[in-house]
There are 2 protein chains.
Amino acid sequence: MTFELFYWPGLQGRGEFVRLAFEATGTPYVEIVRGTGPGQGLDGLMQTMDDPDCVDPPYAPPFLRVGDELIGQTANILAYLGPLLGLVGESPRTRRWVNQLQLTLADLVAEVHDGHHPIASRLYYSNQRAEARRRTADLIEYRLPRYFDYFERVLAHNPEAGGWLSEGAMSYADLSLFQVIAGLYYAFPRAMSGFARAYPRCRAVHDAVARQPLVAAYLKSPRRIAFNTTGIFRHYKALDRTTPF
Amino acid sequence: MTFELFYWPGLQGRGEFVRLAFEATGTPYVEIVRGTGPGQGLDGLMQTMDDPDCVDPPYAPPFLRVGDELIGQTANILAYLGPLLGLVGESPRTRRWVNQLQLTLADLVAEVHDGHHPIASRLYYSNQRAEARRRTADLIEYRLPRYFDYFERVLAHNPEAGGWLSEGAMSYADLSLFQVIAGLYYAFPRAMSGFARAYPRCRAVHDAVARQPLVAAYLKSPRRIAFNTTGIFRHYKALDRTTPF
């Protein structure tokens with residue numbers, strides 16, 4: 001089975017949640033926009049997405065091609081890959097639970113994005129700076145604590161040892177929680193300065209994921225695109241501020 | 001199997017996507033906030049959501065209780081109910097596809113919400129009127145056409161007859177598409193005046209769902225809460241405007 005990942009070049013974005021699932025499990029995958037063959041590169045992405053004959057077109061990247069099937073929406077891709085890559089427990093109930101956690105993380109990711117783009121994702125940040133300051137202040141003061149209170153509570157109540165979100169093993173939701181926390185440290189170093197003290201279990205998931213040998217190797221490799229101000233997590237000094245935690 | 005639905009009182013909100021799945025299939029369900037027994041009403045909702053002993057707490061309503069399991073996140077609830085209620089095809093590929101469509105609808109719903117709350121969901125609309133005008137203008141001029149171009153394309157390319165999003169039968173994604181279109185007609189009557197002409201296949205899904213006998217009966221019943229300005233779809237005259245379609 002060949003996994004072909006279609007995502008924009010030059011940014012981690014939502015594609016990174018899928019990359020982490022492949023990288024953490026040592027699963028080969030093709031990054032279409034980095035290829036130079038026929039049907040690859042950015043043109044390959046656009047042609048595949050806009051193919052008028054496609055019966056299951058994705059709305060937007062990231063999407064995966066497996067055989068003749070296109071699979072879009074990050075949480076949907078991970079719900080598909082999780083069982084194949086051993087990144088989710090066996091029972092239907094566990095799979096629903098991990099999907100639920102992933103969707104809550106997706107909501108948080110969308111809120112972080114809208115912090116710097118509260119008016120229109122189509123416009124530049126520079127066209128919505130004042131609104132971005134107001135929205136990001138609310139994000140940092142109210143929304144981040146609300147989400148991390150929740151994930152800390154989930155971690156504290158997991159009846160199985162190991163410190164993971166679900167059962168006693170790392171799932172794709174743990175990989176995504178790592179990515180969100182890493183992104184927030186990049187974007188908001190002032191706001192995040194007290195994070196490890198306020199949310200020790202969440203921080204421990206971040207650290208445990210980063211220490212996985214395959215993840216650690218990936219993070220040091222040229223395949224890991226650096227955080228930058230074209231992605232979801234952006235460091236704009238004007239938006240960072242101290243937090244209540 | 002008893003399905004207990006936990007959602008806020010007095011608004012359709014995201015709970016409505018779940019209600020429609022029950023109502024369209026004649027499936028009995030308990031609306032917890034409308035009950036007066038022990039563990040019911042708004043107190044019952046809050047106590048269940050905040051129960052410190054809960055091992056699978058939802059982040060927010062809507063959530064379902066089935067036996068001792070809580071199932072949160074709208075798309076996750078529908079992915080669970082779809083097979084049980086006959087609202088999705090049999091194959092894993094079809095289930096991924098319908099889940100993908102539902103997640104794209106969920107993204108649209110979040111964008112519609114943020115049209116009237118671009119700065120903070122915690123604050124009143126009256127505290128973010130100017131920003132709401134800018135964001136809703138972008139929603140109406142650029143985002144709605146982008147989403148409905150997509151759904152119209154999906155409907156046009158479905159190889160099976162019937163006019164539904166997936167295969168030849170109504171799925172929970174069709175019910176959700178109906179709800180989104182109905183909400184937009186309420187919120188933006190000016191903007192939506194050309195909708196049926198621009199997006200005839202989407203409009204046909206809306207009409208076909210509304211004509212289902214069980215749905216038609218539900219829409220006329222007191223169980224269907226009227227659209228109002230506390231939900232996701234809100235009619236504020238200052239935000240409505242003509243569209244390019």
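Residues numbered from 1 in each chain as written. Chains lettered and ligands numbered in written order. Predicted model: local features only at pLDDT ≥ 70, side-chain atom pairs only at ≥ 80, totals over all residues. Heavy atoms only, no water.

### Focus on the domain arrangement of chain A
Residue and element names in this part refer to chain A. According to the domain assignment, chain A contains domain 1 (3-85) and domain 2 (92-212). Centre-to-centre separation of domain 1 and domain 2, based on C-alpha positions: 23 Å. Opposite the twelve residues of domain 1 that make contact, domain 2 presents 13 residues. Taken together, the two surfaces of domain 1 and domain 2 that pack against each other cover about 1100 Å², and 74% of this comes from carbon and sulfur. A per-residue breakdown of the area domain 1 buries against domain 2 is headed by Phe17, Leu20 and Ala75, which together make up 43% of the total. At the junction of domain 1 with domain 2, the criterion picks out zero salt bridges. Summed over the shared surface of domain 1 and domain 2, the number is one residue pair in polar contact (both at pLDDT 80 or more). Those elements that place two or more of their residues in the side of domain 1 that touches domain 2 are helix H1 (15-24) and helix H3 (74-85). (Domains from an automatic or database assignment. Contact = heavy atoms within 4.5 Å. Buried area = accessible area lost by both parts, 1.4 Å probe. Salt bridge = Lys/Arg side-chain N within 4 Å of Asp/Glu carboxyl O. Polar contact = N/O pair within 3.5 Å; in protein donor to acceptor, adjacent residues only side chain to side chain. Helix = DSSP H or I, 4+ residues; strand = E, 2+ residues; numbered from the N terminus.)

### So, the UniProt feature "domain: GST N-terminal" (unreviewed entry) in chain A
Feature annotation in UniProt places "domain: GST N-terminal" (unreviewed entry) on residues 2-89 of chain A, given in this structure's numbering. With 36% helix and 15% strand, residues 2-89 of chain A has its two end C-alpha atoms placed 23 Å apart. (UniProt positions renumbered as here; feature names shortened; annotations may be inferred.)

### So, the relation of the copies chain B and chain A
Two chain copies, one operation linking them: a rotation about an axis together with a shift along it. Overlaying chain B on chain A yields an RMSD of 0.0 Å, the required transformation being a rotation through 180 degrees with an accompanying axial translation of 0.0 Å. A rotation of that kind, with that shift, is consistent with a two-fold axis. In terms of C-alpha distance to the rotation axis, chain B has proline 118 of chain B as its closest residue, with the C-alpha 2.8 Å off the axis. With an isologous cut-off of 70% or more, the 100% of interface residues of chain B that recur at the interface of chain A puts this contact in the isologous class. (Least-squares fit on C-alpha atoms with pLDDT ≥ 70 in both.)

### Focus: the interface of chain B and chain A
Of the residues lining the interface, 50 residues belong to chain B; the matching set on chain A comes to 50 residues. For the pair chain B and chain A, the summed buried surface comes to about 4700 Å²; carbon and sulfur atoms form 45% of the total. Our count for the chain B to chain A interface comes out at twelve salt bridges. Here aspartate 114 of chain B makes a salt bridge to arginine 135 of chain A, at a shortest N to O gap of 3.2 Å.

### Comments concerning the sheet that holds strand E1 (residues 4-6) of chain B
All names here are of chain B. Read across the sheet, four strands follow the order E2-E1-E3-E4 without closing on themselves; strand pairing throughout is mixed. Single-partner strands in this sheet number two, and they are strand E2 (30-31) and strand E4 (69-72). On top of the sheet, helix H1 (residues 15-24) reaches E1, E2 and strand E3 (63-66); it is set at about 160 degrees to E1, its chief contact. (Pairing = 2+ DSSP bridges. Axes fitted to C-alpha atoms, helices over the stretch in contact; angles between N-to-C directions.)

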